[in-house]
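# Structural features, examined
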Amino acid sequence: MRAHLAILLLPVLLTTSRLAGGSPPPDPVSCALDGTSDCTVTNTYGSFPDRTICHAANATFPNTEQELLAAVAAARRKVKVATSQSHSFPKLACPGGRDGTIISTARLNRTVAVDVSRGLLTVESGMLLRDLVKVAADAGMALPHSPYWYGLTVGGMLATGAHGSSLWGKGSAVHEYVVGIRIVTPAPARQGFAVVRELNAGDSDLDAVKVSLGVLGVISQVTFELQPQFKRSVTFVTRDDKDMPAQLAVWCGLHEFGDVAWLPWQGKAIYREDNRVATSTPGNGLNNYLGFRSQPTQGLLTARAAEERLEENDTDIARCLAAQQAPAMFELHAYGFTNDDAFFTGYPVVGFQHRIQASGTCIDGHDDALLSACMWDPRISGPFFYQSGFSVAMSKVPAFAADMQRLRDLDPQAFCGVDAKLGVLMRYVKASSAYLGKAEDSLDFDVTYYRSYSGGGAPRAHADVYDELEQMALGKYGALPHWGKNRNFAFDGAIAKYPKAAEFRKVKDRYDPEGIFSSEWSDQVLGIKGSPNVVGAGCAIEGLCVCSDDSHCAPEQGYLCRPGKVYTKARVCRFERTRLLDEL
């Protein structure tokens, strides 16, 4: 989940203080009346990229490692692991078919051991990041880096390579601070059909397990090497974007936790000046990000209706006027940062690491019968969106950023939808020894954009520029797709970009030779069998393929397969009004 999630929110939503309720999102695993059979699994947004619902014959909710071991031993067909929140867009938790098993880690959320003298903390894999950083802080320690949304589980973060923003020290990826893992994997009958493997620093297999896509087994426990508690000082500065390509190359060296958000239509870049300071520095600041707070349900419905009208009317002027509201309001309210838990009185905001690094209070409240909710809660048909994430090697970042600006300059109004979601968020990620981690120091780009509720996938306004941006990153600049984000086409051939992919597959073959924890989707992504592309009528509209024929777009609505404008090798669905009039 990216940090700068925003929608076309009304000002009343952005000024809402923390609500007493919140109606936390439902469990992604839902079963028949007995609670363990005839189950479905989805993500927290209620829809995978192909809009399918994943079924399973049964689900189990182990409370202990022994129960987890028994669950794996009892599985005879496909098995997938689900978390309590399930914030990944791809089908990581889908076993395929209807006769598989779901193992939920929702109840494996306890602290196992705290060793302050050695700076070690061991927790179960279902623990939320929210609770992990609090346990560490209570012991006088800190996890140096993490994603900005604290509703992720430890196991989920490791499965997808989740990260914050930094090239300092070990970098911003959570898995870089892992020094021990216990994982339950299938085993022969003589070993009881399941075993617990314990890996520690120095074990080569740890580089496979700490970013695993969930295909090696079920992680039971994780040991982190932490740092002494510290404070951070945060200031957001908005500037003209003219020198952004050059700035992106140096910003990582100026600020330990620095990131950048680009507002392409407005021609602005929001720079985060974020640095470690001594614990004696005055301040008890808090990050309670506006986009991660509970919002009144009626307001969310109103905001979505307004966004859909803008899409349907296809009026760039109105869309761009609306796109100014969210960035302006978020900036006015310091993005939800406060100096004293209640009020923002000015920058810098100084606070302890666990109060600054992540937020997500919409999952913390008591159920209020859906009077308020997280803005993406699928039960209310509020905001609905796609999210793409890809990492470009630092050596290529200035050239890619310049190409992004060239694409923007051809039609600035086409990017108003990006501004409405608070722009393109850019975070730094260091090269990793993990087999499926980043091969080079990189800059991660997160793009969030409108998604239709229509099952057929109604075309988005200016979808061609978004798709060209992604294809340019993945094709021309060799970007790596984020494992927990993106639509299907982004993963096509991606595994070939990982130098140690073969080593990962060898570990997979040893840990799970029968592929019990694999699925059709994981086999496609890992290059074992098939392609993640789903080719057919309208597939490019949904991001299930890159178009090669007009039928892959929506020709009856005037969307035809055309080359990119800056990256001409791209193939995107572009609206051509004259062609539509001819057809009519």
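Computed from a predicted model, the values in this text were never measured in an experiment.

Across its full length, the protein chain holds 16 helices and 26 strands. For the protein chain, whose C-alpha radius of gyration is 23 Å, the value lies close to the compact-globule estimate of 25 Å for 584 residues. In terms of principal-axis extent, the alpha carbons of the protein chain reach across some 70 × 60 × 50 Å. The buried share among the 584 residues of the protein chain stands at 62%. Looking at the protein chain alone, contacts between residues at least 24 apart form 73% of all its contacts between residues at least 6 apart. Split by element, the accessible area of the protein chain, about 20900 Å² in all, is 53% carbon and sulfur. Positive and negative side-chain charges of the protein chain, numbering 58 and 63 respectively, have mean locations separated by a distance of 3 Å.

Along helix α6 (residues 244-254), the positions that sit buried rather than exposed are Met244, Pro245, Gln247, Leu248, Trp251 and Cys252. End-on view of α6: buried residues confined to an arc of 150°, all on one side of the axis. Counted as exposed and oriented over 90 degrees from the buried face of α6: Ala246 and Gly253. Residues of α6 that are buried make contact with β13 (231-240), β14 (260-263), β15 (268-277), α11 (397-410), β22 (424-429) and β23 (442-450).

For strand β9 (residues 178-186), a buried count of eight out of nine residues is recorded, marking the element as mostly surrounded by other parts of the structure. Sheet topology places β9 next to strand β11 (residues 218-225); six bridges connect them, and they run antiparallel. Bridge pairing links isoleucine 183 to isoleucine 219 in β11. Across seven bridges, the pairing between β9 and strand β10 (residues 194-200) is antiparallel. Across the sheet, residue arginine 182 finds its bridge partner in β10, namely glutamate 198.

Right, let's talk about the state of the cysteines for a bit. Summed over all chains, the structure comprises seven disulfides. The partner cysteine of cysteine 31 in its disulfide is cysteine 39, sulfur to sulfur 2.1 Å. Given an S-S torsion of about 105°, the disulfide between cysteine 31 and cysteine 39 has right-handed geometry. Between the sulfur atoms of cysteine 547 and its disulfide partner cysteine 561 the distance amounts to 2.1 Å.

A few words now on empty space enclosed by the protein. Evaluated as defined, the whole model comprises eight cavities of 30 Å³ or more. Size it by volume and the largest cavity reaches roughly 570 Å³. Elements that contribute at least two residues to the lining of the largest cavity include exactly β4 (79-82), α4 (154-160) and β11. Partitioning the lining of the largest cavity into residue classes produces 18 nonpolar, 17 polar and three charged.

With that settled, consider the sheet that holds strand β3 (residues 54-60). Spatial strand order, β1-β2-β3-β5-β4: five strands in an open sheet with mixed pairing. Every interior strand has two partners, whereas the edge strands, β1 (29-30) and β4, have only one. Pairing analysis gives four bridges linking strand β2 (residues 37-41) to β3, with the strands arranged antiparallel. Paired with threonine 40 across the strands is histidine 55, a residue of β3.

Before going further, it helps to examine helix α13 (residues 463-476). Under the 1.5 Å per step criterion, the end-to-end length of α13 is 19 Å for 14 residues, consistent within 8% with the ideal 20 Å. Among the 14 residues in α13, twelve count as buried, and that is most of the element. What α13 keeps buried is the set Ala463, Asp464, Val465, Tyr466, Asp467, Glu468, Leu469, Glu470, Gln471, Met472, Ala473 and Leu474. Tucked into the core, α13 has its buried residues touching β21 (385-393), α11, α12 (416-420), β23, β24 (480-481) and β26 (571-575).

A word on the UniProt feature "domain: FAD-binding PCMH-type" (unreviewed entry) in the protein chain. The UniProt record marks residues 52-229 with the feature "domain: FAD-binding PCMH-type" (unreviewed entry), using the residue numbering of this structure. With 17% helix and 30% strand, residues 52-229 has end C-alpha atoms that lie 44 Å from one another.

On to the sheet that holds strand β6 (residues 111-115). Across the sheet, which stays open at both edges, the five strands sit in the order β6-β7-β11-β9-β10 with antiparallel pairing between neighbours. Every interior strand has two partners, whereas the edge strands, β6 and β10, have only one. With strand direction ignored, the average angle separating the axes of adjacent strands in the sheet is 10°. With five bridges connecting them, strand β7 (residues 120-124) and β11 associate as antiparallel partners.

With that settled, the discussion passes to the nonpolar core. By size, the foremost hydrophobic cluster in this structure holds 78 residues, and its most contacted members are Leu132, Ile181, Leu216, Phe224, Trp376, Leu436 and Trp483. If we skip the residues at most four places from it in the chain, leucine 216 touches Ile183, Thr185, Pro186, Ala208, Val209, Phe504, Val507, Lys508 and Tyr511. Counting residues in each nonpolar core, the second largest holds 42 residues, with Phe390, Leu407, Tyr428 and Ala479 among its members.

Right, let's talk about the packing of helix α8 (residues 316-323) against helix α9 (residues 325-332) for a bit. One can describe the packing of α8 onto α9 by two numbers: an axis separation of 5 Å at closest approach and a directional angle of 5°. With respect to each other, α8 and α9 are oriented roughly parallel. The segment α8 lies against α9, with Leu321, Ala322 and Ala323 engaging Gln325, Ala326 and Pro327. Of the residues assigned to the contact of α8 with α9, the class counts are five nonpolar, one polar and no charged.

Next up on the list: the packing of aromatic side chains. Ring pairs (aromatic) are described by centroid distance and by the angle formed between their planes. Counted under the stated rule, the structure contains 26 aromatic pairs. Seen from their ring centres, tyrosine 386 and tyrosine 449 are 5.6 Å apart, and the 45° between their planes marks the pair as tilted. Note that tyrosine 386 is positioned in strand β21 and tyrosine 449 in strand β23, a separation of 63 residues in sequence. Tyrosine 386 sits in the buried class, given a relative accessible area of 3%. Here the aromatic residues Trp149, Tyr289, Phe292, Phe330 and Trp376 are joined through ring pairs into a cluster of three or more. Positioned above the aromatic ring of phenylalanine 352 is the side chain of lysine 231, whose terminal nitrogen or guanidinium carbon lies 4.7 Å from the ring centre. The cationic tip of arginine 460 hangs over the ring face of tyrosine 466; the distance from NZ or CZ to the ring centre is 5.6 Å.

Criteria and thresholds
Residues numbered from 1 in each chain as written. Predicted model: local features only at pLDDT ≥ 70, side-chain atom pairs only at ≥ 80, totals over all residues. Heavy atoms only, no water. Helix = DSSP H or I, 4+ residues; strand = E, 2+ residues; numbered from the N terminus. Rg over C-alpha atoms; globule rule 2.2 N^0.38 Å. Buried < 20%, exposed > 50% of the residue type's maximum accessible area, 1.4 Å probe, protein only. Contact = heavy atoms within 4.5 Å. Areas by Shrake-Rupley, 256 points an atom, 1.4 Å probe, with all protein chains shown as cover. Lys, Arg positive; Asp, Glu negative; His and termini not counted. Charge placed at Lys NZ, Arg CZ, Asp CG, Glu CD. Arc of directions from axis to C-beta. Pairing = 2+ DSSP bridges. Disulfide = S-S within 2.5 Å. 1 Å grid on protein atoms, 1.4 Å probe; cavity = no way out; pocket = protein on both sides within 12 Å on 5 of 7 lines; lining within 4 Å. Points joined across faces, edges and corners; volume = space filled by probe spheres on them. Nonpolar A, V, L, I, M, F, W, Y, C, P; charged D, E, K, R; others polar. Expected span 1.5 Å × (residues − 1). UniProt positions renumbered as here; feature names shortened; annotations may be inferred. Axes fitted to C-alpha atoms, helices over the stretch in contact; angles between N-to-C directions. Core = buried A, V, L, I, M, F, W, Y, C linked by side-chain atoms within 4.5 Å. Parallel < 35°, antiparallel > 145°, perpendicular 65-115°, else oblique. Phe/Tyr/Trp six-rings, centres within 6.5 Å; stacked < 30°, edge-to-face > 60°. Lys NZ or Arg CZ within 6 Å of the ring centre and 35° of its normal.

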